[in-house]
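Secondary and tertiary structure notes
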Amino acid sequence: MLVHSRPARRAVHTLFFLLFVPVFALPLLVIVAASFASSWSGALPSGTTLAHYRDIAQGDALNALLTSVLTALTASVAALTAGTWAALAAEKLGRRTRRLLDALFLLPVAVPSVVVGLSLLVAFSRPPFLLNGTPQIVITAHTVLVTAFAYQSVTAALARLDPAYEQSAAGLGARPAYVLWRVKLPLLLPSLTAAAGLCFALSMGELSATMMLYPPDWTPLPVQIFAATDRGSLFAGAALAVALMATTLLVLLGVSRIRTKASYR
């Protein structure tokens, strides 16, 4: 740490907790408390009940959660495949072409996601690319929105990768495909798993573009959370939000374990 004296470190730690707890931790704790509450007492929820979680188990929330997980998994795999492929291709391109490719992948992130949703709605509303009203258009929107993060993560990892490994394998007679699958991609595995986790988390929480595109039979959980809070069911919305948060954290924990094992290979 850059601060060496003990009083200064204590002051920095105190300032960190004073900023972190009210801004980051306290709102999440209030959401968790509200998911078990039955009423409000002043500024905080009060009472204890499991009715909101029973409603999740008996209602459409489980289907919505499964929809979110399937959407996020599919979009993450597609984004990781496209982002890795593009990053590997960009490594062999010239500087100007690489900048153009960077701009192409960053464009969906640079504009509001609702604009991305509207553009896909217009683009895929007519044959032969009629996806409007299907789950595929929601997955496509999520893929477009998160591919930039996969592309940037893999590009940064490639820039840090020591070319000596690839050169040594090529010098020993390995073909380019063998070098890619047995040398380069295994070295990139920690970054690939990190990118997959980031894409999954972003897809699980995506709402703006999803609201414009989702069909009635493919309703992700964030849409249900918005609908519950919009009609005033704050406690039910809080329970749905906790379910979404817990599922995302469990998947990210699994990805983190895979990434840790990959780092020590």
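Numbering of residues starts from 1 in each chain and follows the order in which that chain's sequence is written. Confidence filtering applies because this is a predicted model: local features only for residues at pLDDT of at least 70, side-chain atom pairs given and counted only at 80 or more, and all residues used for totals across whole chains, interfaces and linings. No hydrogens and no water enter the side-chain calculation; it runs on all heavy atoms of the structure.

Patch membership is restricted to residues that have no salt bridge and whose relative accessible area is over 30%. Joining uses 9 Å for like charges and 5 Å for the nonpolar side chains Val, Leu, Ile, Met, Phe, Trp and Tyr. Accessible surface is estimated by sampling points in the Shrake-Rupley manner with a 1.4 Å probe; for residues, cover comes only from the protein chains shown. Any Lys or Arg side-chain nitrogen found within 4 Å of a carboxyl oxygen on Asp or Glu counts as a salt bridge. Taken together, the side chains of Phe-16, Phe-17, Phe-20, Val-21, Val-23, Phe-24, Leu-26 and Leu-29 make up a nonpolar region of the molecular surface, amounting to roughly 800 Å² of accessible area. Here Leu-26 lies in helix H1 (residues 6–35). To qualify as a helix, a DSSP run of H or I must reach at least 4 residues; to qualify as a strand, a run of E must reach at least 2; elements of each kind are numbered from the N terminus.

Classification of ring pairs uses Phe, Tyr and Trp, with its six-membered ring standing for Trp, and accepts pairs whose centres are within 6.5 Å; under 30 degrees between planes counts as stacked, over 60 as edge-to-face, and the remaining range as tilted. If you walk through the whole model with that rule in mind, you get 2 aromatic pairs. Relative to Tyr-151, the ring of Phe-105 has its centre 4.6 Å away and its plane inclined at 10°; by these criteria the two rings are stacked. Separated by 46 residues along the polypeptide, Phe-105 in helix H4 (residues 95–110) and Tyr-151 in helix H6 (residues 135–160) bring together distant segments of the chain. Note on accessibility: Phe-105 and Tyr-151 belong to one class, buried. Burial here depends on accessible area, computed with a 1.4 Å probe over protein chains only, as a share of the maximum for the residue type. Under 20% is buried, over 50% is exposed, and the range in between is partly exposed.

In this section: the UniProt feature "transmembrane region" (unreviewed entry) in the protein chain. UniProt positions are given in the numbering used here, feature names are shortened, and annotations may be inferred rather than shown by experiment. Here the UniProt-annotated "transmembrane region" (unreviewed entry) positions come out as residues 12–41, 61–88, 100–125, 137–159, 187–214 and 234–255. Secondary structure across residues 187–214 comprises 86% helix and 0% strand; the distance between its end C-alpha atoms is 38 Å. With 100% helix and 0% strand, residues 234–255 has end C-alpha atoms that lie 31 Å from one another.

For the rest of this paragraph, the subject is the nonpolar core. Among the nonpolar cores identified, the biggest contains 19 residues, and Leu-101, Tyr-151, Leu-158, Leu-188 and Leu-192 are the most heavily contacted of them. Of all the secondary-structure elements, those providing two or more residues to this core are helix H3 (61–91), H4, H6 and helix H8 (176–204). Whether two residues touch is decided by their heavy atoms; if any such pair falls within 4.5 Å, the residues are in contact. Residues in contact with Leu-101, not counting those within four places in the same chain, are Ala-86, Ala-90, Leu-93 and Tyr-151. In this structure, Ala-61, Ala-64, Val-69 and Phe-200 belong to the second largest nonpolar core, which totals 14 residues. Residues grouped as a nonpolar core are buried Ala, Val, Leu, Ile, Met, Phe, Trp, Tyr and Cys residues, joined through side-chain atoms within 4.5 Å.

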